[in-house]
Structures are given as structure tokens and as C-alpha cells.
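Examination of the molecular architecture
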Amino acid sequence: HYPELDKALDSYYLSLELIVALRWDSPYARLPAVALFAYRGVGVILFEVTHARVTLFIFPNLFENWWLYCAVVARFWPGLYPRTTRGVAVPLVLLLIPKMAQEYLLHYAEAQPWDWIKTHILHTT
């Protein structure tokens, strides 16, 4: 039952991040956050109903990456904070590329990187 528990706990902390995002002044940061949260939520619900891991690949958790991007650039690089459509599109595309690779490995190919780390880095079995 690990995937179900993991998605429930993810939904909890992502909901807390959504509450923060709803208070962002810029609609160019806030609206993509809400849309990405809802999109992933649909994927999680479909996963819970179908147990088809591919739904988690089709509905990636880009919300978390977007939230972190907005929080970090607001603090350290305010010039990169999303204020235009292009200011949303460029970082989203750049965030999506590695995210899709991660989602593919974890949810579609069902790779278990923690086993590789235990074996090759920690030298445990």
C-alpha cells in the first residue's frame, strides 16, 4: 500500500503549499500553481481508482517544482519571478523536462533508485 500512502501524504503537504500559493500577489505565479495542483490532483484520483501507475506519469507533479521555483526566485532572484506569459512558459518547460524523466523512471518504469543507492553507495544489501 506504499503508493497510496505516499500519494495521501504528498497531497497533504502539497495542499499546504497550495494555501501559500493562493496568497501570492502575482497571478502569473498563483494561477499556474493552482492549475498544476488541480492537474496532479486529477492524476492522483485516477491512480487511486485505476491503480494504473501510468496516470502518475501522464499527470506529473510539476506543481511542487513550480512552487519551489517561485519561492526561490522571489527570495533570491526577483528579476526571474513570473510576471508575463513568457515568464511562466520558459521556466515551466525547463522544469518539465527533468520532471518527466523522474516521473517516467519512478511511476512508469518503476525504477527503484533507493536500491541502487543502498547497493552502490552505502554498500548494504
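What you see is a predicted model; the values in this text were computed from it and never measured. (Residues numbered from 1 in each chain as written. Predicted model: local features only at pLDDT ≥ 70, side-chain atom pairs only at ≥ 80, totals over all residues. Heavy atoms only, no water.)

Counting its secondary structure elements, the protein chain contains six helices and zero strands. The principal-axis extents of the C-alpha atoms in the protein chain amount to approximately 50 × 35 × 25 Å. Counting all 125 residues of the protein chain, 30% fall into the buried class. Pairs at least 24 apart in sequence give 63% of the contacts found in the protein chain among residues at least 6 apart. (Helix = DSSP H or I, 4+ residues; strand = E, 2+ residues; numbered from the N terminus. Buried < 20%, exposed > 50% of the residue type's maximum accessible area, 1.4 Å probe, protein only. Contact = heavy atoms within 4.5 Å.)

Within the element layout of this structure, E17 appears in helix α1 (residues 2-21). Excluding anything up to four places from it in sequence, E17 contacts F63, E64 and W67.

Quick look at helix α4 (residues 62-76) now. Between the first and last C-alpha of α4 there are 21 Å, a value that for 15 residues agrees with the 21 Å anticipated at 1.5 Å per step. For α4, every residue scored as buried is listed here: L62, F63, W66, W67, Y69, C70 and V73. Looking down the long axis of α4, one finds its buried residues gathered within 160 degrees of arc, a one-sided arrangement. Turned more than 90 degrees away from the buried face of α4 sit R75 and F76, all of them exposed. (Expected span 1.5 Å × (residues − 1). Arc of directions from axis to C-beta.)

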